[in-house]
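Structure at a glance
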Amino acid sequence: MRTVMVLNGPNLDKLGTREPEIYGALTLSDIAQKCAEFGEQHGLTIDFRQSNVESDLIVWLHEAAESKTPVVINPAAFTHYSVAIRDAASMLSAPLIEVHLSNPIKREEFRHTSLISGIAHGTVSGFGANSYLLALRAMLEL
Ligand code: DQA
């Protein structure tokens, strides 16, 4: 069975109570559960992780690069300024898909820049928890 790493950045552990009008009512555990169910239905093992710490995400990207594991990532606020996460993600050889619950382009100007989009296979934004499932569906075809 193919493993896909699903990585989540800062403040996503607060989903459910964090600005629900923007991010929805589901918790990150709910999203992890949906991803796991999708994986079971489609023969993928989902390795779902979250951290508020930049270095954790960097170490996990190194791990994915070494094991040639495909990655779905919601870098959260790191999307907009972390050169370190972009550099780590650049080392991946398996596909990388960027996801966002909201559509950052519809929001404040500082969210319009993504340092990840330019190295991702593609980006899925604006569909809430479904952004993750759409990204996993796309991963099946890559
Ligand atoms: C986010 C969008 C980012 O701008 C924001 O900093 C987040 C969440 C999203 O999923 O919509 O934390 O990545």
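A short tour of the structure in this document, coming up. (Residues numbered from 1 in each chain as written. Predicted model: local features only at pLDDT ≥ 70, side-chain atom pairs only at ≥ 80, totals over all residues. Heavy atoms only, no water.)

Another aspect to go through is the nonpolar core. Counting residues in hydrophobic clusters, the biggest one holds 23 residues, and the most contacted among them are Val4, Val72, Tyr132 and Leu136. Listing elements by their share of this core, those giving two or more residues are β1 (2–8), α2 (28–42), β2 (44–50), β4 (96–100) and α5 (130–141). By residue number, the principal contributor to this core is α5, which donates 5 residues. Setting aside anything within four residues of it in sequence, one finds Tyr132 in contact with Val6, Asn8, Leu12, Ile31, Cys35, Phe48, Asn74, Val99 and Leu101. By size, the runner-up hydrophobic cluster in this structure holds 18 residues, among which are Leu7, Leu57, Ala88 and Leu92. (Core = buried A, V, L, I, M, F, W, Y, C linked by side-chain atoms within 4.5 Å. Buried < 20%, exposed > 50% of the residue type's maximum accessible area, 1.4 Å probe, protein only. Helix = DSSP H or I, 4+ residues; strand = E, 2+ residues; numbered from the N terminus. Contact = heavy atoms within 4.5 Å.)

Okay, the environment of Pro75 next. Considering the arrangement of structural elements, one finds Pro75 in the loop between β3 (71–74) and α4 (83–89). For Pro75, a relative accessible area of 0% corresponds to the buried category. Separated by 40 residues in the primary sequence, Pro75 and Leu115 have C-alpha atoms spaced 9.9 Å apart.

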